[in-house]
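# Coordinate inspection notes
Each chain is listed here by its residues.
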2 protein chains.
Amino acid sequence: MVVMATRDVDTLKYERVLHVLRSRIQDGTYPAGGILPSQHRLVAEFDVSRPTVIEALRLLRQEGLIETQTGRGSFVRGKAPVLAAQSANPGRRLLDVSEVDSSADLLQAGLVVAPTRVAVLLELPPGTKVFLRQYLIRDEDGPVELVSAWFPLELVTGTKLASPEPLDEGIRRHLYGRKRLRLDYAVERTLSRSAVLDEASSLGIDPGAPVLNVVVTGHDAQGKAWQLVDAVLPGDRHELRNVYPLTQ
Amino acid sequence: MVVMATRDVDTLKYERVLHVLRSRIQDGTYPAGGILPSQHRLVAEFDVSRPTVIEALRLLRQEGLIETQTGRGSFVRGKAPVLAAQSANPGRRLLDVSEVDSSADLLQAGLVVAPTRVAVLLELPPGTKVFLRQYLIRDEDGPVELVSAWFPLELVTGTKLASPEPLDEGIRRHLYGRKRLRLDYAVERTLSRSAVLDEASSLGIDPGAPVLNVVVTGHDAQGKAWQLVDAVLPGDRHELRNVYPLTQ
DNA sequence: CAAGAGAACCTGTCCTGTCAAGTTTGGCTA
DNA sequence: TAGCCAAACTTGACAGGACAGGTTCTCTTG
């Protein structure tokens, strides 16, 4: 019966409610452990329908900012967990390294015979040649991470992967743009092992020192692995940290 | 006294739709890459309203089983990633160890002076005594994981934590039942280091061998840490694995 | 024959309502 | 005073509809 107001993408109603509520949680208007106004009150305040309020609350819940109990209300949780999905999967970042924004030195970019572990994970016959891009990431204290990205040869033709220059966009984006390759899921393996010689010299640690090794493979919808990224971190100086809400 | 009208989960309409669609995806009725019937058709088939269908599809999307594009439809994704939340946080399991269901031997349960790292993470003065429960988890090949759970003393009084017998329920559940303590979020740290002597002898590895160390702290809504669980895994024989969907 | 207009689908957003079920509170009763 | 109970809250699950805007296919037109 009523003509809607202009509905811009930026002015989605549940987005507006979500944004205001999130701000109030973060600035302490609704303190940790405190209760939010009831859905009914929020409907009145924002002049939207209850489903819209419910949608905003659902998203806050998904972000881990609130917790709601039937018959009681929604309560502010203790800590704002930063984008759980992001930090929970350190390897996602690896699959998408854009080499420009971090202080990374390209160590090598070229063809090599695949080491056994790489061949196995990429499902290639032993001894197959693959393309390797390897770089070293530093922070103010020196080298902190040795990253190796491995690709099957068929993926390299027609892309800039073989170029010795840094890519100006993320690897995944580049592959989609050039080859219409769309990665569907990732498998991430975390293990502890001793540094081999060249790792030790690159990272400036003792050979044999314990390192944290994160190995991520990117797969298409059919399950084929197209990309393998291997990150080596000095074990005693760096740790992976992850904060997430505990739901009952 | 009250008649519990058991509105079990199976009678919820969106649960029914969800379950049927999930089955069809898993048995290949809707193959990977294929398209699902439109919301309109699902409304007709299941005789529910569109919001109900939308809710089921939202959950499938959240599980990583489908992906939907505006104006086109919902498509089946490549691989069913098993409960990403669970596998992404190996430490969540640790906070909730129920010592009965796994083959775990209780090594010790008693008061000890907190090691520096433990005192720091539990925000206690150095030298404070804390309670330690330590056990060893085995599989068919022998010991695979050395787990230490540390608690501030104030938490132990009035609970069964001090008892040398295995708990018959999860630790978190036990703490909530006895002390109304409700953990709100967890911080998980993963690092690689060398095994110390007693770890090595418990796990049957060489002293100094690389081990994977997962340290999880459980915090209440105010940010106070109440529980610290430390798992040590032999680095060369075990890896943490995690599968998750790659959303664009 | 190629390009463009439009119809027919599709999902996303948002509305007004309805009923069920859990929680809290205050007043009444034994 | 202690305990029960009903009213008044709360959230949860649905229905059925409306419109906006993206995508695809077909049919008409230059």
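A brief look at the structure comes next. As a convention, each chain's residues are numbered from 1 in the sequence order in which they are written. Lettering of chains starts at A and numbering of ligands starts at 1, both following the order in which they are written. The model is predicted, so local features are restricted to residues of pLDDT at least 70 and side-chain atom pairs to those at 80 or more, both for listing and for counting; the totals for chains, interfaces and linings are taken over all residues. Side-chain calculation: all heavy atoms of the structure are included, whereas hydrogens and water are not.

Moving on to the protein's contact with DNA strand D. The local shell around DNA strand D holds 21 residues, among which B:K13, B:Y14, B:S49, B:T52 and B:R72 are the closest. Within the side chain of A:R50, a nitrogen or oxygen atom sits 2.8 Å from a base oxygen of DNA strand D. Separating a base nitrogen of DNA strand D from a side-chain N or O atom of B:R50 is a distance of 3.4 Å. Each helix corresponds to a stretch of at least 4 residues labelled H or I by DSSP, and each strand to a stretch of at least 2 residues labelled E; elements are numbered beginning at the N terminus. The set of elements that each furnish at least two residues to the surface near DNA strand D consists of β1 (66-69) of chain A together with α1 (13-26) and α3 (50-62) of chain B. No other element matches α3(B), which puts three residues into the surface near DNA strand D. Classification used: nonpolar for Ala, Val, Leu, Ile, Met, Phe, Trp, Tyr, Cys and Pro, charged for Asp, Glu, Lys and Arg, polar for all others including Gly. Class assignment for the residues of the surface near DNA strand D results in four nonpolar, 11 polar and six charged. When we say a residue is near a molecule or strand, we mean one of its heavy atoms is within 4 Å of it. Any N or O atom pair separated by 3.5 Å or less is treated as a polar contact, with the protein-specific requirement of one donor-capable and one acceptor-capable atom, and with residues adjacent in sequence counted only for side-chain atom pairs.

This part covers the protein's contact with DNA strand C. Residues in contact with DNA strand C amount to 23 residues; listed here are only the nearest, A:K13, A:Y14, A:S49, A:T52 and B:R50. The sugar-phosphate backbone supplies 74% of the atoms of DNA strand C found within 4 Å of the protein. A:K13 places a polar main-chain atom, nitrogen or oxygen, 2.4 Å from a phosphate oxygen of DNA strand C. Counting only elements with at least two residues in the surface near DNA strand C, the list comes to α1 (13-26) and α3 (50-62) of chain A together with α2 (39-46), α3 and β1 (66-69) of chain B.

To continue, consider the packing of α1(A) against helix α2 (residues 39-46) of chain A. All names here are of chain A. Comment: axis = line fitted to C-alpha atoms, over the contacting stretch for helices; angle = value between 0 and 180 degrees taken between N-to-C directions. Interaxial distance between α1 and α2 falls to 12 Å at its minimum, and their mutual angle equals 110°. Put simply, α1 runs roughly perpendicular to α2. In terms of crossing hand, the pair formed by α1 and α2 is right-handed. Residues R16, V17, V20, L21 and R24 of α1 form the contact with α2, whose own contacting residues are L42, E45 and F46. For the contact of α1 with α2, the residue count by class is five nonpolar, no polar and three charged. Orientation labels follow simple angle bins: below 35 degrees gives roughly parallel, above 145 gives roughly antiparallel, 65 to 115 gives roughly perpendicular, and whatever is left gives oblique. Take the far helix as your reference; a near helix turned counterclockwise from it by less than a right angle gives a left-handed crossing, and one turned clockwise gives a right-handed crossing. Contacts were defined at the residue level, with two residues in contact if any of their heavy atoms lie within 4.5 Å.

This part covers the environment of B:I137. Residue and element names in this part refer to chain B. Note that I137 resides in strand β4 (residues 129-139). Under the scheme applied here, a residue whose accessible area is under 20% of the maximum for its type counts as buried, over 50% as exposed, and between as partly exposed, the area being computed with a 1.4 Å probe on protein chains only. We classify I137 as buried; its relative accessible area is 11%. Taking the C-alpha atoms as reference points, I137 and D105, 32 residues apart in sequence, are found 6.6 Å from one another.

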